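Listed below are the residues making up each chain.
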Amino acid sequence: MAGVTFREVRKIYAGGIEAVKGVSFAVPDGAFCVLVGPSGCGKSTLLRMVAGVETVTAGEIRIGERVVNDIEPAERDIAMVFQNYALYPHMTVYNNMAYGLRNRGVPKPEIDRLVREAARILEITELLKRKPRELSGGQRQRVAMGRAIVRQPKAFLFDEPLSNLDAKLRVSMRVEIKKLQRQFGTTSIYVTHDQLEAMTLADMLVVMNAGRIEQIGAPLEVYERPATTFVATFIGAPPMNLLRLAAAELSGLLGASAAVPPEGGILGVRPEDLVLAPAGARSDGGLALPLTVETVERVGPESFVYGRLARGGDVIVRIPGAAAPSFGEQAVAIAPRHKLHVFSADGSRRINS
Amino acid sequence: MAERRRFENLLPHLILWVGIAIVAFPVYLAFVASTHEPAIIANGQMPLTPGPYFLENYYRAIFVGTTGTTREPVGTMLLNSLVMALGIALGKIAISIVSAYAIVYFRFPFRMAAFWLIFVTLMLPVEVRIYPTYKVAADLQLLDTYAGLTLPLVASATATLLFRQFFLTVPDELVEASRIDGAGPFRFFKDTLLPLSRTNMAALFVILFIYGWNQYLWPLLITTRDDMQTIVIGIKKMIVTSDALTEWQLVMATAMLAMLPPVAVVILMQKLFVRGLVETEK
Ligand SMILES: Nc1ncnc2c1ncn2[C@@H]1O[C@H](COP(=O)(O)OP(=O)(O)OP(=O)(O)O)[C@@H](O)[C@H]1O
Ligand SMILES: [Mg+2]
């Protein structure tokens, strides 16, 4: 078992596209690291460089103590689970799982033991004789997992392994992946753009944007203290409300002690931190935004109220239950001061603590 | 309503049956001719029903041969044709699958140039390059040899392109998974690509076997000895210019025999052949 370390890793594809622009971080031994970010931000590229199926343009990737830049994928001692599973279509489930072991020259009885053990853990023993095309999506996913765990590698790499499953199955597989990872204690890097997966699976969340890292931290830490406006809007659904405020307004909100830059800044507040109060209500020392209700989405346990602010701009408020105001009603969205996030005017930096 | 439906089903069937009759009747006539004595055919009074000389005619065709200039019996010619057709079909498949593998999966200098060169040879069938090819074959002492019969026809742009197209549809992740599983280029080819190409190879085999079997011009040039003749050439040589001397019953028997191997190949490989044409196993 081993951690994975990135040092100033870059990837420039033939054709000049710079997919990863100098990334440095370390995944500790045994940690579950989730890479999130919008489509095209370079998550897969980064993962594939760890796997060795993509070359590293510059920088250094280590697995454990060993620099693996120029080492063949097979010798990196990693296992990868692909989005489309990439099972060998003409091999049975058993052979799919045994193939990597055979190529490594593991003795036959040992292969048999390992495959059966992995199959037992994943509850696919009765599928061992089938071909991948005779399996459901969820079963294929399990086989792909089986192919990964059977070799007992130093690290698991997952590239959106659940995105081809239906919503229900995705939840149960998510729980299972987490359970397996705990059980084996294997360092894992997991790429997804599903936030729920990211939040629930990660010990360590890495938010990427346009080939760079925006923030690294525990999921709740990232949620509670987003480092940039990008992270603020990317993590959390519906996204955080952002308001551009002048310096005077900001220091009025945050109190005189706060260091507010002269050019003003961006105020952020999560929909779930806002409370709707009747028109005319005030907030003592916090934020109060008068608004007109435009749309209400009721999803059962909670409702999303979309409002137009009196001062211009839109806001989303998340309220419990279905007892939401109706279209055209006036109201005030209120939030306490400690729930406010303040960013620099260009959104690249968090200002309040 | 049901009546109309039945009629609508009948019409296409009728058309199909007429089509079959048009195609099959000459074959039937050839079979009939191969079971009569020569006099009847020469008189131009051939009946529409098979005659009593089936066994005798076929025995003579296979083991004895005609009494005319070409004395080689059909047995030898069938063998020659079989060697040539198999050699061409298997050779073409082997060469083209390997070259397609190189072109799709490896980055080497002048890769695209190689691809286009192969592509261009599509425009140069045997007939066009017959003189230089003959010269080369003659200089290499390949006249009247099996190598001479097959080798010049083995390179195949069509099959290479077909395999290339197929390889391009194989997901990249499969290559990557193989690499992670410790399979080098050779193992990937043997363990993954070849089994996946099985149906494609079968379809190509059928097409190429028939292509090889029906070769006429090249075997005509390259073989001079009677015992190296293929059956297609043999049939031609049995037909003597003066009609009276041609032993038509033997010619027809030979033609029937010449048809059997391609038919057998099609029937035996039909299932795989159809699957190879309609389905990609991925
Ligand atoms: N083989 C390639 N050649 C050239 N450019 C590529 C290649 N693969 C990816 N890219 C580019 O690199 C950038 C990052 O791609 P990558 O696949 O890493 O994104 P991603 O974050 O995984 O996105 P998604 O969430 O959609 O999978 C994209 O702009 C993409 O167009
Ligand atoms: Mg991706």
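This is a predicted model, so every value here is computed, not measured.

A closer look at the sheet that holds strand 3 (residues 32-36) of chain A
Strand pairing in a sheet relies on backbone hydrogen bonds, with the paired strands running either antiparallel or parallel.
Residues and elements named next belong to chain A.
Link 1 in the chain: What the 6 strands build is an open sheet, ordered 6-7-8-3-9-10; its pairing is mixed. Because the sheet does not close on itself, it has two edges, and the strands there are strand 6 (78-81) and strand 10 (212-217). Taking the axes of each pair of neighbouring strands and ignoring which way they run, one obtains an average angle of 15° across the sheet.
Link 2 in the chain: Both strand 9 (residues 204-209) and strand 10 contribute to a ladder of 5 bridges, which runs antiparallel. Bridge pairing in strand 10 places Val-206 opposite Ile-216.
Link 3 in the chain: Where helix 4 (residues 137-149) meets the sheet, its contacts fall on strand 6 and strand 7 (155-159), and the angle it forms with strand 6 comes to roughly 170°.
Link 4 in the chain: The strands that helix 5 (residues 167-184) touches are strand 3, strand 7 and strand 8 (187-191); relative to strand 3, the one it contacts most, it runs at about 140°.

Remarks on the interface of chain B and chain A
Link 1 in the chain: Across the contact, 18 residues belong to chain B and 25 residues belong to chain A.
Link 2 in the chain: A per-residue breakdown of the area chain B buries against chain A is headed by Arg-179, Ile-180 and Asp-181 of chain B, which together make up 39% of the total.
Link 3 in the chain: Put simply, chain B and chain A have 3 salt bridges between them.
Link 4 in the chain: Residue Glu-72 of chain A pairs with Arg-179 of chain B through a salt bridge whose shortest N-O separation is 3.8 Å.
Link 5 in the chain: If you look at where chain B meets chain A, you find 12 residue pairs in polar contact (both at pLDDT 80 or more).
Link 6 in the chain: When contributions to the side of chain B that touches chain A are tallied by element, the ones reaching two or more residues are helix 9 (172-180) and helix 10 (185-196) of chain B.
Link 7 in the chain: Ranked by residue count, the leading element in the side of chain B that touches chain A is helix 9 of chain B, at 7 residues.
Link 8 in the chain: Among the residues forming the side of chain B that touches chain A, the class breakdown is 7 nonpolar, 3 polar and 8 charged.

As for the environment of Glu-160 of chain A
Residues and elements named next belong to chain A.
Link 1 in the chain: Along the polypeptide, Glu-160 turns up in the loop between strand 7 and helix 5.
Link 2 in the chain: Residue class for Glu-160 comes out buried when judged on its relative accessible area of 11%.
Link 3 in the chain: Apart from residues lying up to four places away in sequence, Glu-160 is in contact with Lys-43, Gln-83, Val-191, Thr-192 and His-193.

Side note on the site of ligand 1
All names here are of chain A.
Link 1 in the chain: Lining the immediate environment of ligand 1, one finds Tyr-13, Ile-17, Ala-19, Ser-39, Gly-40, Cys-41, Gly-42, Lys-43, Ser-44, Thr-45, Glu-160 and His-193.
Link 2 in the chain: At a separation of 3.3 Å, a nitrogen atom of ligand 1 approaches a polar side-chain atom of Tyr-13.
Link 3 in the chain: Among the residues forming the shell around ligand 1, the class breakdown is 4 nonpolar, 6 polar and 2 charged.

Digging into the packing of helix 4 of chain A against helix 5 of chain A
Residues and elements named next belong to chain A.
Link 1 in the chain: Two elements in contact, helix 4 and helix 5, have axes whose closest approach is 12 Å; the angle formed by their N-to-C orientations is 15°. Classed by the angle they form, the pair helix 4 and helix 5 counts as roughly parallel. Pair helix 4 / helix 5 crosses with right-handed handedness. Along its contact with helix 4, which presents Gly-138, Gln-141, Arg-142, Met-145 and Ile-149, the element helix 5 presents Leu-169, Met-173, Glu-176, Ile-177, Leu-180 and Phe-184.
Link 2 in the chain: Looking at the contact of helix 4 with helix 5 residue by residue, the class counts come to 7 nonpolar, 2 polar and 2 charged.

Here's the deal with the domain arrangement of chain A
A common way to express how large an interface is: the accessible area buried when the components associate.
Residues and elements named next belong to chain A.
Link 1 in the chain: Taken as a whole, chain A is organised into domain 1 (4-233) and domain 2 (240-343).
Link 2 in the chain: Computed from C-alpha atoms alone, the centre-to-centre distance between domain 1 and domain 2 is 39 Å.
Link 3 in the chain: Buried surface at the junction of domain 1 and domain 2, both sides included, amounts to about 650 Å², of which 62% is carbon and sulfur.
Link 4 in the chain: Three residues stand out in domain 1 for area buried against domain 2, namely Tyr-223, Thr-229 and Ala-232, and they jointly supply 64% of the buried area on that side.
Link 5 in the chain: Across the contact surface, domain 1 and domain 2 share 2 residue pairs in polar contact (both at pLDDT 80 or more).
Link 6 in the chain: Only helix 7 (219-224) and helix 8 (229-234) provide two or more residues apiece to the side of domain 1 that touches domain 2.
Link 7 in the chain: Among the residues making up the side of domain 1 that touches domain 2, the classes are represented as 5 nonpolar, 3 polar and 1 charged.

Rules used throughout
One numbering rule holds for all chains: residues counted from 1, following each sequence as written. By the order in which they are written, chains take letters starting at A while ligands take numbers starting at 1. Only residues with pLDDT of at least 70 get local features here, since the model is predicted, and only at 80 or more are side-chain atom pairs given and counted; chain-wide, interface and lining totals rely on the full set of residues. In computing side-chain values, all of the structure's heavy atoms are included and hydrogens and water are not. If DSSP finds at least two bridges between two strands, the strands pair. A run of DSSP states H or I qualifies as a helix once it reaches four residues; a run of E qualifies as a strand once it reaches two. Both are numbered from the N-terminal end. Angular values range over 0 to 180 degrees, each being the angle between N-to-C directions of two axes fitted as lines to C-alpha atoms, with helices fitted over their stretch in contact. Contacts are residue-level and defined by heavy atoms, with any inter-residue pair within 4.5 Å sufficient. By definition, the buried area sums, over both parts, the 1.4 Å-probe accessible area that each loses when the two are put together. In what follows, salt bridge is the name for a side-chain nitrogen of Lys or Arg lying within 4 Å of a carboxyl oxygen of Asp or Glu. Pairs of N or O atoms are called polar contacts if they sit within 3.5 Å, as long as, within protein, a hydrogen donor faces a hydrogen acceptor (for residues adjacent in sequence, only side-chain-to-side-chain pairs). Note on residue categories: nonpolar means Ala, Val, Leu, Ile, Met, Phe, Trp, Tyr, Cys or Pro, charged means Asp, Glu, Lys or Arg, and polar means any other residue, Gly included. Buried residues are those whose accessible area, probed at 1.4 Å on protein chains only, stays under 20% of the maximum for their type, while exposed residues exceed 50% and partly exposed ones sit between those limits. Whether a residue is near a molecule or strand depends on its heavy atoms: if one lies within 4 Å, it is near. Roughly parallel covers angles under 35 degrees, roughly antiparallel covers those over 145, roughly perpendicular covers 65 to 115, and oblique covers all other angles. Crossing handedness: left-handed means the near helix sits turned counterclockwise from the far one by under a right angle, and right-handed means the same turn made clockwise. Domain boundaries shown here were taken from an automatic or database domain assignment.

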